[in-house]
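Spelled out from the first residue to the last, the chains are:
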Amino acid sequence: MLREIRCEKFRVGVVRFHPGLNVVLGDDNATNSIGKSTLLMLVDFVFGGSTLLEWNRDIVDELGHHYYEFAFEFDGELHRFRRETITPDNVYACNAAYEVQSVRSLEEFTAFLKHAYGLESPGQTFRAAVGLHLRVWGKENLIPEEPLHASPRQKSKDCIDNLVKTYGKFEAIRARDEAARKAEADLKLARAAANRELIPKVTKTGYAQAKVQIAKLERDLEEVRRNLASYATSLSAVINKEVLELKERKDDLLQRRLIVAGRLQRVERNLDGQRSLHGGNFKDLQRYFPEINTARLSEVEAFHDGVAQILKDQLKQSREQLSEELKLIDISVAGIDAEMAAALGSIDQPESLVDHVYKVALALQGARASKEGYEFEREQVETLRKAKEALGEEKQRILAEVETSVNAGMREIASEAVGEHRKSPRLSLGDAGYKFEVFEDTGTGTAFFGLVLFDLAVFRATNLPTIAHDSVLFKNISNDSVAHLIALYANNQKQSFIALDEIQKYGPLAASILQEQSVIQLGDKAVLYVKDWRPSRPPAPLADAE
């Protein structure tokens, strides 16, 4: 726990703290700008926060750069440190006389505090756990409807995850989340390998074809195994089978050749036929029809000749294409003839059987690779689906547990503070968002009451080591309710920090607790620092350091 904060710029030199409730008291006039919020901001600063130098820039402007020395006690041992305004990203470890011994980064220092306070929630920093619940004027965590947000810029999902970690329930979600991430990575790897042609890329149709091909090739190999003892017979059967397949292919080609050759013959006949008319051909026609227009007949005949030329060009093109196709068919037939001759000539050669088995095995290997590649991808898809489903179910279960705990805690504290008639806030948690309903009650006010109830509920139910509430959070709460809340703070042995003034209005019992638990009392003539830079204010008297 925090034991003290020292600064040569303090009016009192050192402020010491104790277990349980620590109160920064103001005066009965509720005087502002005397240092109540600043001291709570310093508590945030020694817990690793950075808002002090952003919000309270006037401190350095008025006092110059300086440093704060502070001590934490863990297991009866004091650990002393120094943090300077000029180098706030460093924290210096000190000896008993506050002489600097070594330097740590701010991240290393907060990691030390996380371990020392026993906050071992994976993936959660000390500042994420504690900083949210140190609510001081000037920080960004004072939005009544967003108690989970340390800053308005945070994503709601991250805020929800942080609360789950504070409750120590994130490990189950993390295990499911890692399983889902691994399944997703495996699926991406399989698809990337297929895209790069490292493994076969197979569609659903290709998968079905591969299964049919595998069955056929396995039957072929089994047939070779059964007949291997009678080598000659089996070899002849294998060769005969191959020759038969070749013969079927050759017959198909020859049938195609017959069709192509017929078409080529018709094209050539059309090309050989000649048709031509000249002016002399019209003399006999003029003999019977003297008035006929021979010039017009010549024009029509010229048109027909043009059309005939176009058709002739197309016929020539068809002849070339058909001739080329015929050549390819002849080449294929010749190749089949060569394969048939080789097969028929190798019936007595044992290597032909080996070649056949090799070809079948190679084809079988390819078909199996295609089948297995498709099944592997489908398996990864299913694994990812189940992992995401399990993650979603686990999240819902954990969120429901946390939500129930927070709401029950706030309801209990509200009943203790203002009576059972008072409606308490209600937190609703979703996977990526949350809702915090604050039910208005003009009798007590609720501007920040929901934040107080939320922090106290989490403080009671978890290992959260400390909370801090500035006086502004209590302004709209009835005096009786604040008096009951003070007793709740005081009954918890974990360290808490609050700032209040006008304490007599909360009743004698509450005022007595506040006085007893106070760590410093500030007022118009007793500000926090040795210098009072409020407008038109005389400098505060310097007191002896404790």
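How each quantity is defined
Residues numbered from 1 in each chain as written. Predicted model: local features only at pLDDT ≥ 70, side-chain atom pairs only at ≥ 80, totals over all residues. Heavy atoms only, no water. Helix = DSSP H or I, 4+ residues; strand = E, 2+ residues; numbered from the N terminus. Buried < 20%, exposed > 50% of the residue type's maximum accessible area, 1.4 Å probe, protein only. Contact = heavy atoms within 4.5 Å. Areas by Shrake-Rupley, 256 points an atom, 1.4 Å probe, with all protein chains shown as cover. Salt bridge = Lys/Arg side-chain N within 4 Å of Asp/Glu carboxyl O. pLDDT = per-residue confidence, 0-100. Expected span 1.5 Å × (residues − 1). Phe/Tyr/Trp six-rings, centres within 6.5 Å; stacked < 30°, edge-to-face > 60°. Lys NZ or Arg CZ within 6 Å of the ring centre and 35° of its normal. Axes fitted to C-alpha atoms, helices over the stretch in contact; angles between N-to-C directions. Parallel < 35°, antiparallel > 145°, perpendicular 65-115°, else oblique. Left-handed = near helix turned anticlockwise from the far one by under 90°. Nonpolar A, V, L, I, M, F, W, Y, C, P; charged D, E, K, R; others polar. Pairing = 2+ DSSP bridges.

### Thoughts on the overall build of the chain
- Scanning the chain from N- to C-terminus turns up 15 helices and 13 strands.
- Relative to its full complement of 546 residues, the chain shows a buried share of 42%.
- Considering only intrachain contacts with a sequence separation of at least 6, the fraction spanning at least 24 residues in the chain is 68%.
- With the model as given, the accessible surface of the chain reaches about 29600 Å², and the carbon-plus-sulfur share is 51%.

### Focus: the pattern of salt bridges
- Summed over the entire model, instances satisfying the criterion amount to 26 salt bridges.
- Between Glu62 and Lys531 there is a salt bridge whose closest N-O contact spans 2.8 Å. Residue Glu62 is located in helix α3 (residues 57–63), and its partner Lys531 is located in the segment after β13 (518–521); the two are separated by 469 residues in the primary sequence.
- You can call Glu62 partly exposed: its relative accessible area is 32%.

### Focus on the confidence of the model for the chain
- Across the chain, the average pLDDT comes to 82, with 75% of residues at 70 or higher.
- Low pLDDT, under 50, characterises residues 542–546; the predicted model gives this stretch 9 contacts beyond four residues in sequence or across chains.

### Notes on unusual backbone geometry
- Unlike most non-glycine residues, Ala30 shows phi in positive territory, near 55°.
- With respect to the helices and strands, the residue Ala30 is situated in the loop between β3 (21–25) and α1 (36–46).
- In this structure, Ser33 is a non-glycine residue whose phi angle is positive, near 60°.
- Structurally, Ser33 is set in the loop between β3 and α1.

### Observations concerning helix α13 (residues 449–461)
- Counted at 1.5 Å a residue, the expected span for α13 with its 13 residues is 18 Å, and the 18 Å between its end C-alpha atoms agrees.
- With 11 of 13 residues buried, α13 lies mostly within the body of the structure.
- Every buried residue of α13 is accounted for by Phe449, Gly450, Leu451, Val452, Leu453, Phe454, Asp455, Leu456, Ala457, Val458 and Phe459.

### A word on the packing of aromatic side chains
- Under the counting rule described, the total for this entry stands at 21 aromatic pairs.
- Taking 5.9 Å as the distance between ring centres and 15° as the angle between the ring planes, the aromatic pair formed by Tyr117 and Phe126 counts as stacked.
- The ring of Tyr67 has Arg82 lying over it, and the distance from NZ or CZ to the ring centre is 3.9 Å.
- Over the face of the ring belonging to Phe170 we find Lys165, whose NZ or CZ atom lies 4.8 Å from the ring centre.

### Quick look at the packing of helix α14 (residues 479–490) against helix α15 (residues 508–516)
- In the contact formed by α14 and α15, the axes pass within 9 Å of each other and the chain directions differ by 40°. With respect to α15, the element α14 is oriented oblique. Between α14 and α15 lies a crossing of left-handed hand. Here α14 contributes Ala483, Ile486 and Ala490 to the contact with α15, which in turn contributes Ala510, Ile513 and Leu514.
- Looking at side-chain class alone, the contact of α14 with α15 contains 6 nonpolar, no polar and no charged residues.

### Section: the sheet that holds strand β1 (residues 2–6)
- If you trace the 6 strands from one edge of the open sheet to the other, you get β2-β1-β4-β5-β6-β7, paired in antiparallel fashion. In this open sheet, the two strands that pair with only one neighbour each are β2 (14–16) and β7 (100–105). Put simply, the sheet's adjacent strands are angled 25° from each other on average, direction ignored.
- Note: strand β5 (residues 77–84) against strand β6 (residues 90–94), 3 bridges, orientation antiparallel. Within the sheet, the bridge partner assigned to Phe81 lies in β6 and is Ala93.
- Along the sheet face, α1 touches β1, β2, β4 (67–74) and β5 and points at about 110° away from the line of β1.
- Against the sheet, helix α4 (residues 106–116) engages β4, β5, β6 and β7, with an angle of about 95° to β7.

### Some thoughts on the sheet that holds strand β8 (residues 134–135)
- Ordered in space as β8-β11-β12-β3-β13, the 5 strands form an open sheet in which the pairing is parallel. On the outer flanks of this sheet lie β8 and β13, each paired with one strand and no other.
- Pairing geometry for β8 and strand β11 (residues 466–469), over 2 bridges, is parallel. Along β11, the bridge assignment pairs Leu134 with Ala468.
- Of the strands in this sheet, β8, β11 and β12 (495–500) are in contact with α13, which crosses β11 at around 165°.

### Notes on the packing of α13 against α14
- Orientation of α13 relative to α14, taken along the N-to-C sense of each, is 25°, at an axis distance of 12 Å. Here α13 lies roughly parallel to α14, going by the angle between them. By crossing handedness, the relation of α13 to α14 is classed as left-handed. Along the contact surface, α13 presents Phe449, Val452, Leu456 and Arg460, while α14 presents Leu485, Leu488 and Tyr489.
- For the contact of α13 with α14, the residue count by class is 6 nonpolar, no polar and 1 charged.

### A few points about α14
- Relative to the 16 Å expected for 12 residues at 1.5 Å per residue, α14 spans 17 Å between its end C-alpha atoms, a close match to the ideal helical length.
- Turning to α14, its buried residues are Ser481, Val482, Ala483, Leu485, Ile486, Leu488 and Tyr489.

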